[in-house]
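# Report on the structure
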Amino acid sequence: MIGIIDYGMGNLFSVSKALERLEVPYFLSENKAELLKADALILPGVGSFMDAMSILNSTGLADLVKEFADTGKPLLGICLGMQLLFESSEENGLTEGLQLLPGHVRRFPGATAEGETYKVPHMGWNRLEFLQDSPILKGLDEDYVYFVHSYFADTDDREVVISRSMYDVEVPAVVGRGNVFGMQFHPEKSSSLGMALLRNFTELVEERMSVK
Amino acid sequence: MLTKRIVPCLDVKDGRVVKGVQFVQLRDAGDPVELARFYDGQGADELVFLDISASHEGRKTMVEVVKAVASELAIPFTVGGGINALEDMKRILRAGADKVSLNTAAVNNPGLITEGANFFGSQCIVVAIDAKYDEELGSWRVYTHGGRTPTDLEVIAWAREAAERGAGEILLTSMDSDGEKKGFDIKLTKAVSEAVSIPVIASGGAGNADHFAEAFIDGKADAALAASIFHYKETSVAEVKSYIKEKGVLVR
């Protein structure tokens, strides 16, 4: 069963509803022992990086996520949950992240190199470009997904960026390494492609289960 | 590149979708859950769900209706009306909404914008502005309480302040255009869109597909909202999108 980490910062309802639509069993929990037993974890997140990390650290859920990642079972961070997987963020002052993926979370500059200003947050539908073969993209075609964020994951590690969108800078949109995945956009709010990406994640879980 | 968003608005009173012509006459245009499902299937980019009687009657938005709508949607939606405190925002966002919209409450207590933005992130906080041109002011005046109460605030200055205080988006309704179906207020939309660095949703006055093209091309809006023309099937989201795409507007 998929565990959704309930740490008070997520849009848990919409993620839960999306899994229900996919007919995938899940549970919501803040209990470490329970979460550790899950076949996969989803780390949602709406809010600020610093608040989220402070809750994850004080509840011990930060260690739980790292421990879970070490087991090799699939982990998916969504939106802020994806950003938390990286090394650090500059939102509200430099804050250390979960350090599962290489890179730092930075604010959109708000102006291009040519000095032309643009709007932040990056809010709305943007096209996903697939950069790498990944089981998470299996059988899918490039389409639009829904983003809402003011910060993006800046990484030099090309292998981590599975898919991207362009908004002045390159926005890593689907990231991953091994069993750790992240989506900067909201798959549960991204119509058919979003639902298909979530479906692929749940299939990774099922495949892993059947191998075991 | 971001696409321009087409946003059907569900004005809700007592659990039913209604649309006021200039905020006064109300007609019953259906069930919010039915409409949500309908618009999701039609390719709407987002929905706005406003409890229009909330400020007037001090009524809280019905969380159960929000939950029911959220269960049907695989697209984002905003909820406004009756949100007066951080607790209200938590309740609505936990019920499945992606953003909350503050109108009267933000004018009465601008600190609420910052409070919400600090807790949830700016992207969750929409400030809705009801604007009416004022000869004396030589600009647009901000109205509250569903357009019934004039304030001392000038629209451009208020939009800037809202953005500085942490709003992630402005939902800008022209009271002069609302319900007239003669097009969005392009001057107003452009003035606000150019004054702030956050997205602006144009609202009020949509009568046909060309009005949307104007709002995006001339008004520089990031999204455009309409209710009655969609609810009464005078046009569809799909028709509007295909028309504005031909005009060179990037859509999903």
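Fair warning: this is a prediction, and the values are worked out from it, not measured in the lab.

Definitions and limits used
- Residues numbered from 1 in each chain as written.
- Chains lettered and ligands numbered in written order.
- Predicted model: local features only at pLDDT ≥ 70, side-chain atom pairs only at ≥ 80, totals over all residues.
- Heavy atoms only, no water.
- Core = buried A, V, L, I, M, F, W, Y, C linked by side-chain atoms within 4.5 Å.
- Buried < 20%, exposed > 50% of the residue type's maximum accessible area, 1.4 Å probe, protein only.
- Contact = heavy atoms within 4.5 Å.
- Helix = DSSP H or I, 4+ residues; strand = E, 2+ residues; numbered from the N terminus.
- Arc of directions from axis to C-beta.
- UniProt positions renumbered as here; feature names shortened; annotations may be inferred.
- Polar contact = N/O pair within 3.5 Å; in protein donor to acceptor, adjacent residues only side chain to side chain.
- Phe/Tyr/Trp six-rings, centres within 6.5 Å; stacked < 30°, edge-to-face > 60°.
- Lys NZ or Arg CZ within 6 Å of the ring centre and 35° of its normal.

## With respect to the nonpolar core
With 82 residues, the main nonpolar core has Phe77(B), Ile170(B) and Phe212(B) as its most contacted residues. If we ignore the near neighbours within four places in the chain, the residues touching Phe212(B) are Ile6(B), Phe184(B), Ala206(B), Ala224(B), Ala226(B), Ile229(B), Phe230(B), Val240(B) and Ile244(B). Of all hydrophobic cores here, the second largest spans 41 residues; its members include Val15(A), Phe152(A), Val205(A) and Ala74(B).

## Here we look at helix α11 (residues 237-246) of chain B
Residue and element names in this part refer to chain B. Along α11, the positions that sit buried rather than exposed are Val237, Val240, Lys241 and Ile244. The arc that holds every buried residue of α11, seen down its axis, measures 100°, which confines them to one face. Looking at the packing, one finds that the buried side of α11 touches β1 (5-13), α1 (32-42), α9 (209-217) and α10 (228-231).

## Description of the UniProt feature "active site" (unreviewed entry) in chain B
Residue and element names in this part refer to chain B. Feature annotation in UniProt assigns "active site" (unreviewed entry) to the following positions: Asp11 and Asp130. What stands out for the annotated residues spanning 120 residues is how close their C-alpha atoms remain, the widest pair being 14.4 Å apart. Inspection of the secondary structure assignment puts Asp130 in strand β7 (residues 125-134). Polar contacts involving the side chain of Asp130 include one to the side chain of Asn103, which spans 3.4 Å.

## What about the packing of aromatic side chains?
Going through the model one piece at a time under the given rule, you end up with 13 aromatic pairs over all chains. Centre to centre, the rings of Phe184(B) and Phe212(B) are 5.4 Å apart; their planes meet at 75°, and the pair counts as edge-to-face. One end of the pair, Phe184(B), is in the loop between β10 (169-174) and α8 (186-195); the other, Phe212(B), is in helix α9, with 28 residues separating them in the sequence. Overall, the relative accessible area of 5% leaves Phe184(B) in the buried class. A connected cluster of aromatic rings, assembled from ring pairs, spans Phe38(B), Tyr39(B), Phe184(B), Phe212(B) and Phe230(B). Over the ring of Tyr144(A) we find Arg127(A), and its NZ or CZ is 5.5 Å from the ring centre. Its guanidinium or amino end placed over the ring of Phe119(B), Lys90(B) lies 4.8 Å from that ring's centre, counting from NZ or CZ.

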